[in-house]
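Descriptive structure summary
Listed below, chain by chain, are the residues.
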Amino acid sequence: MENMNNNLPERDGFASKFGIIAAAAGSAIGLGNIWKFPYITGIYGGAAFIIVYLVCITLIGAPVMLSEFTIGRKAQRNAIGSFKKIAPNSPWFITGWMGFLAAFSILSFYGVVAGWSLDYIVSAIMNKFATMGPDEIGGHFGGLISSAWRPIFWQVVFMAMTAGVVLGGVKDGIEKYAKILMPLLLVIIVILDIRAVTLPGSGAGVSFLLKPDFTKVSSEAILSALGHAFFSLSLGMGTMITYGSYIGKKENLGEVAMQVTIADTLIALLAGLAIFPAVFAFGIEPSAGPGLVFITLPNVFQQMPGGYIFQILFFVLLAVAALTSSVSILEVVVAYFQEEKNMSRTKSVIIATVAITILGMAASLSMGPWSDIKILLPGFGQLNIFDWLDKFSANYMLPLGGLFISLFVGFKMDREDVYNEVSDEGDLSVSYFGAYMILTKFIAPIGISIVFLHNFGLF
Ligand code: TRP
């Protein structure tokens with residue numbers, strides 16, 4: 001079977017080690033790190049929440065990432081095709097289908113939020129926030145997200161940028177842009193960090209991030225930490241299966257998973273470090289929720305020396321981080337169309353982008369003109385389209401996907417095959433293999449099941 005591939009044109013893939021890390025870290029590092037992580041850390045009380053999050057990342061996140069890489073590289077296929085190839089004539093491919101669905105729902109609302117950040121770049125350049133007080137900035141954000149055409153315009157611009165990168169292919173599109181954009185992201189965030197920690201009064205923000213108060217850790221906080229670990233590391237959806245299939249056979253998958261996990265966590269912490277010292281220095285509540293970066297930060301920038309430049313840099317950072325992530329979500333759908341439906345890459349990109357953008361328009365409209373449309377999501381009640389897509393994917397599809405992926409590697413695949421993939425056919429010494437299998441077979445499935453059942457209201 002294997003050598004039948006020789007008749008096919010060579011499969012596109014990543015060309016360099018740095019390219020692999022940049023692309024996979026680019027997928028992981030996104031709105032989840034810079035928009036979501038700071039605000040949920042703010043809501044759940046700071047350092048103690050971060051420690052719980054780190055435990056989830058280590059015990060469940062990193063092993064699931066390695067499992068996704070293993071499945072993808074072994075099969076050399078897209079997320080759905082991988083399951084079909086490794087476990088033919090079995091229902092496991094449904095896991096891939098769930099990922100396909102999750103990709104649609106996540107990218108549709110992700111493109112909307114990324115569109116807001118493009119709109120904010122323009123507002124920041126025009127220095128619009130300079131003349132606004134705190135209430136007006138809140139009103140400005142509310143006005144933006146609830147209007148009909150402006151957010152859709154920016155969402156379409158952002159989705160076109162995403163499609164442009166993916167059209168270039170894996171090596172000459174995704175990898176090429178990730179190699180430029182990820183270092184840029186690191187430079188911007190370090191500049192913002194230096195500004196934040198040198199503000200007078202920044203110490204309170206730093207200790208908010210470093211001094212744990214465990215009395216604040218509720219069961220809801222623990223569950224959110226695990227859910228966010230999946231979202232932030234791009235897991236449970238087949239993104240890392242798809243990217244894994246582009247990783248060369250000589251690369252050390254465990255090392256890549258480790259480095260990407262560390263990079264993602266580091267950037268989330270650096271984002272927190274850029275935001276909380278500034279928030280505390282200007283006496284603002286850290287628990288502002290989803291509006292933290294869109295409402296609170298523009299206020300902070302107004303009062304900060306050099307704020308004009310730093311606000312532009314911040315929203316560029318947000319857009320750059322979002323782009324390398326959205327690209328990885330689109331690639332899941334595109335790779336499926338290309339390989340399983342024999343479509344050209346161009347046709348795949350166009351169909352996937354148009355379909356997802358239309359769904360995203362509905363999500364955007366649901367923040368304003370369509371806010372009366374409510375859909376039931378079991379466990380969450382009646383939600384507008386935007387929240388439904390967000391909660392449905394983050395609380396149902398990703399944990400279920402992660403659960404099935406762990407069970408697949410732990411119990412369905414041959415242990416021998418898994419070992420060969422992780423150790424590059426025995427070339428690498430993988431002393432952690434036994435521990436990895438225990439985490440994959442038991443710890444991850446049990447941990448994920450608890451979260452899932454809780455979301456269903458069964459705990
Ligand atoms: N991890 C990205 C972020 O933090 C978002 C993302 C990209 C994602 N691909 C994914 C989330 C796959 C879940 C599944 O913003």
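Now for a quick tour of the structure. (Residues numbered from 1 in each chain as written. Predicted model: local features only at pLDDT ≥ 70, side-chain atom pairs only at ≥ 80, totals over all residues. Heavy atoms only, no water.)

Some points on a nonpolar patch on the surface
Selection rule: Exposure above 30% relative accessible area and the absence of a salt bridge qualify a residue for a patch, where like charges join within 9 Å and nonpolar side chains (Val, Leu, Ile, Met, Phe, Trp, Tyr) within 5 Å. Surface accessibility follows the Shrake-Rupley procedure with a 1.4 Å probe radius. Residue values consider only the protein chains on display as shielding. The working definition used for a salt bridge is a side-chain nitrogen of Lys or Arg within 4 Å of a carboxyl oxygen of Asp or Glu. A run of H or I in DSSP counts as a helix once it spans at least four residues, and a run of E counts as a strand once it spans at least two, with each numbered from the N terminus.
Taken together, I51, V55, L59, F214, F411, I438, F442, I443, I446 and I450 make up a surface patch of nonpolar side chains, about 900 Å² in accessible area. Along the chain, I438 turns up in helix α18 (residues 433-455).

Side note on the side chain of S123
Defined as follows: Categorising residues by exposure relies on relative accessible area from a 1.4 Å probe, with only protein chains included: less than 20% of the type maximum marks a residue as buried, more than 50% marks it as exposed, and the intermediate range marks it as partly exposed. It only takes one pair of heavy atoms within 4.5 Å for two residues to be counted as in contact.
Residue placement: S123 occurs in helix α5 (residues 93-125). Among the residues examined, S123 registers a relative accessible area of 1% and is labelled buried. Leave out the neighbours within four places in its chain, and S123 touches K128, F129 and H140.

Structural notes on the site of the ligand
Quick reminder of the rule: One heavy atom within 4 Å of a molecule or strand makes the whole residue count as near it. Each polar contact in these results corresponds to two N or O atoms within 3.5 Å; when the atoms are within protein, one needs to be able to donate a hydrogen and the other to accept it, and residues that are neighboring in sequence are counted only if both atoms are side-chain atoms.
Every one of the 18 residues lining the ligand counts as a neighbour, but A28, G32, Y110, F231 and S234 are closest to it. In the model, a nitrogen atom of the ligand is placed 2.8 Å from a nitrogen or oxygen of the F231 main chain. Notes on the ligand: free accessible area 360 Å², of which the protein chains cover 100%. Every element with two or more residues in the shell around the ligand is listed here: α1 (17-28), α2 (31-43), α5, α10 (219-232) and α14 (307-340).

Description of unusual backbone geometry
Positive phi, normally seen in glycine, also occurs at Q76, with a value near 55 degrees. Relative to the helices and strands, Q76 is located in the loop between α3 (47-75) and α4 (79-86). Here Q76 falls in the partly exposed class, since its relative accessible area comes to 21%.

Comments concerning the pattern of salt bridges
Within the structure shown, the criterion is met by nine salt bridges. Put simply, K171 and D12 hold a salt bridge, and the shortest N to O gap is 3.6 Å. Taken together, the residues span a long stretch of sequence, with K171 in helix α8 (residues 170-197) and D12 in the segment before α1 at a distance of 159 residues. Across the salt bridge formed by E421 and R73, the nearest N and O atoms sit 2.7 Å from each other. Linking E421 in helix α17 (residues 415-422) with R73 in helix α3, this pair joins segments that are 348 residues apart in sequence. For the pair shown, E421 and R73 are each scored as buried.

Points about the nonpolar core
Stated precisely, the cut-off is as follows: Take the buried Ala, Val, Leu, Ile, Met, Phe, Trp, Tyr and Cys residues and link them wherever side-chain atoms come within 4.5 Å; each set so joined is a nonpolar core.
Counting residues in each nonpolar core, the largest one holds 157 residues, and the members touching the most others are F14, F69, W116, F294, F314 and L318. A total of 19 residues in this core trace back to one element, the largest contributor, which is α14. F14 has contacts with I20, A23, V170, I174, E175, Y243, Y246 and I247, leaving out every residue within four places of it along the chain.

Let's talk about α14
Going by this rule: How far a helix is expected to stretch is found by multiplying one less than its residue total by 1.5 Å. Bend at a given residue is defined as the angle between two axes, one fitted to the seven residues that end at that position and one fitted to the seven that begin there.
The end-to-end C-alpha separation of α14 is 50 Å, in line with the 50 Å expected for 34 residues at 1.5 Å each. Its maximal kink placed at E331, α14 deviates by approximately 25 degrees. Taken across its 34 residues, α14 has 27 buried, putting it largely inside the fold. Of the residues trailing α14, N342 is marked for its positive phi of about 50 degrees.

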